[in-house]
Amino acid sequence: MSPEHDNNPQPSAIETVQAETEPVNVAPEPAATIAPQQSAAGAATAVVRAPETPQPAPPAAGAETNSISSEPDIAIAGSETAGTETLSTAETAAPTAEAAPATSAPASDESAESETTETMDQLLDQFSTPPAASEGEIFDGRVLAVTDAGVVVDVGGKFEGLVPAQEFLDSGEPIEFGEGQTIEVERLHERKDGYVLLSYVRAHRRRVWERIEKSYREHTNVTGKIAERIKGGLVVNIGVRAFLPASQIELRPVHDLESWKDREIEVRVLKLNRKRGNVVVSRRAILEDEQKAMRDALAGTLVEGAVVTGRVKNVTDYGIFVDLGGMDGLLHVSDLAWGRAPHPTSIVKPGEEIQVQILKFDKEKQRISLGRKQLLPDPWAAVPERFPAGTRVHGKVVGVTDYGVFVQIEPGVEGLVHVSEMSWSKHVKHPSKIVKTDDEVDVVVLEVKTDQRRISLGMKQLLPDPWEAAAQRYPVGAIVNGRVRNLAEFGAFVELEEGMEGLIHISDVSWTERIKHPSEKFKKGETVEAKVLKVDSQNRRLSLGIKQMNDIWANWFKDHKLGDILKGKVARTTDFGAFVELAEGIEGLCHVSEIEERRPKGEREKSKAPRDARITAVLTAGQEYDFKILRLEPEQRKISLSYRAAQKQVEREEIKSFRTTKSSPTATIGDAVRAKLQSS
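Residue indices follow the written sequence of each chain, beginning from 1 at its first position. Reporting of local features is limited, given that this is a predicted model, to residues whose pLDDT is at least 70; pairs of side-chain atoms are given and counted only at 80 or more, and all residues count toward the totals for whole chains, interfaces and linings. The basis for every side-chain value is the complete set of non-hydrogen atoms in the structure, without hydrogens or water.

Under the pairing criterion, centres of Phe, Tyr and Trp rings, with the six-membered ring standing for Trp, must be within 6.5 Å; the plane angle then separates stacked pairs below 30 degrees from edge-to-face pairs above 60, leaving the rest tilted. Inspection of the entire model under this criterion finds eight aromatic pairs. When the ring of Trp 556 is compared with that of Phe 557, the centres are 5.7 Å apart and the planes differ by 85°; the resulting orientation is edge-to-face. With relative accessibility at 11%, the residue Phe 557 sits in the buried group. Through successive ring pairs, a cluster of aromatic residues spans Tyr 625, Phe 627 and Tyr 643. Across from the ring centre of Trp 260, 3.9 Å away, lies the NZ or CZ of Arg 263, which sits over that ring. Geometrically, a charge over a ring is one whose NZ (Lys) or CZ (Arg) sits within 6 Å of the ring centre while staying within 35 degrees of the ring normal. Against the face of Phe 579 rests Arg 572, its NZ or CZ located 4.3 Å from the ring centre. Think of it in three bands: with a 1.4 Å probe and only protein chains considered, a residue is buried below 20% of the maximum accessible area for its type, exposed above 50%, and partly exposed in between.

What follows covers the pattern of salt bridges. Think of a salt bridge as a Lys or Arg side-chain nitrogen and an Asp or Glu carboxyl oxygen that are within 4 Å of each other. Taken as a whole and judged by the stated rule, the model has 27 salt bridges. Glu 213 is paired through a salt bridge with Arg 274; the nearest N and O atoms lie 3.4 Å apart. Of this pair, Glu 213 sits in helix 5 (residues 200–218) while Arg 274 sits in the loop between strand 11 (264–273) and strand 12 (278–282), placing them 61 residues apart in sequence. The partner of Arg 485 in a salt bridge is Glu 495, and the shortest N-O contact between them spans 2.8 Å. Residue Arg 485 is found in strand 23 (residues 479–488), and its partner Glu 495 is found in strand 24 (residues 491–497); the two are separated by 10 residues along the sequence. Overall, the relative accessible area of 11% leaves Glu 495 in the buried class. Where helices and strands are cited, they refer to DSSP runs of H or I of at least four residues and of E of at least two residues respectively, numbered from the N terminus.

So, about the nonpolar core. Residues Trp 556, Leu 582, Cys 590, Leu 619, Phe 627, Ile 639 and Leu 641 are the most contacted members of the largest nonpolar core, which totals 21 residues. Of all the secondary-structure elements, those providing two or more residues to this core are helix 9 (552–559), strand 28 (565–574), strand 29 (577–583), strand 30 (586–591), strand 31 (624–633) and strand 32 (638–642). Working rule for contacts: check all heavy atoms of both residues, and any pair within 4.5 Å makes them a contact. In contact with Ile 639, not counting residues within four places along its chain, are Trp 553, Trp 556, Phe 557, Leu 582, Ile 586, Glu 587, Gly 588, Leu 589, Arg 631 and Leu 632. Ranked by size, the runner-up nonpolar core spans 20 residues in total, among them Val 222, Leu 244, Val 254 and Val 267. The term nonpolar core refers to a set of buried residues drawn from Ala, Val, Leu, Ile, Met, Phe, Trp, Tyr and Cys, joined through side-chain atoms within 4.5 Å.

Structural data, given as structure tokens:
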């Protein structure tokens, strides 16, 4: 309503000016009087009454009646149109009074006319009605009645307006107004049945859009109700249909959109296009602001080491997310309980309140690490005293891995039995072949590392160690049988018993054959017979040999001694000498220094021929020569030979033989050589 109307001391009910429709006498009439009258609605109504005069004859047809217009009252509420019509009604009364003498009586004098005009002006001044509302303006009105034609509304002026019933039928909104209820309406330019037409829907929609635009400008919240689910989100009724994308419903993705129907929520306008009627809203923006405010308030109170209460928000395989009241912290599974936790869900459930300790707080990244086991007694405090090395304990297998098994020896205290400590055998493919989860086993404490919270356990230590009696059970020279378990490039591993293996090196397979890989002679799983060559119990090593089963070297060393001259065939030559085959499978080495005659140092430096060329110039592969045994090493199967010494010894023997056959005391070496050449 206009300010002028608000300041008017008159009541807000409809003010009506009623004029008597009695004929006007020629004689001047006294001034009209205003008498208060109670309206049907109970509000005061001003009525204009004229002085009682005798009823004149009815006017002739076509003559103007001397009465005020009987049109329905028109709302004013500060509207210019209503004010205009009110003035028209008042002005109509004056001409009508003046026209009476022309039709039914002689003209009145000027004093009577002046008095009548002055009385009407006083009447209009007394009402002092504000200008009527212009078309399209929104103002408040009071419901007078609800009829079949629509809702009759008192807009606080000198007329009543009508909200047509068809408007509610077209909009689909039910009529739920009662008498005396105040509503907002918008004036239209049309009239109907004597009423100024009003629109409640248009006024309501304008107010709704104004409220939405204000909310959009000021970033405030509006309340709406979920109307339906559509592709990509929800429709929210905030006075108009607004789109709420699925990504803007919650801080986390929402999958069940059907469950949100008919819920009342607060949202914030993100995008707005009034011309097209498009509105996009978000609930997530409100939640993010609330979360940020709570996070900022909480961040100032959090300190490392503090104990706080939180609610379990989410449980994963690697830990638990706890809501501390605006910020989420991660309670890692390793900090959930002392010892091994099967799964976090076995200890806590979503929605449960728990006490946790802040282990680390990164304010820049807004990350909080939490701990729960730190609030419980530490079982490791007394482990060194309760479980010293060498203690035999009973435990339960709680985990099996490729490298060993974890055994719980008491709640919160676990130890590892490495796969190498499970059996004396070196061929345990997987720990699950020996034990399984939940098995109860006896173990021995091998080592305790309190600072690292680690205990090394052993299972094989409870079984007899086969290596302790290896030297007695497998003496050097004993013939044993075993199964080939594995092949390597350098030999074959033979298992003699559980936990006891020996190695047949590739060089101990044959005296004569040159073997490139053990697979040429052995296959996995086959049984072989070998001779024990060496036992090292401390390092758990046992050397075996097959060629030693027939030891031709021992017999050869037995039949030969140092200084013997024997024939040998050159097998191959190298830059450091020649290998000479003395018997089948037996070779000796003739070093290069024992092949050539020693020459002065100057002559050796002048010689530019390669060493191997000088060797082949004297010894040819495949040819037999005389060699002298310089050194014998039976344990290492080594024989050192000398070609040069053998040649000198042969010459000396020939000279000695020549001297015994020839009596001439003057015979020389040249004579002996010539005699040998002649004999050949």
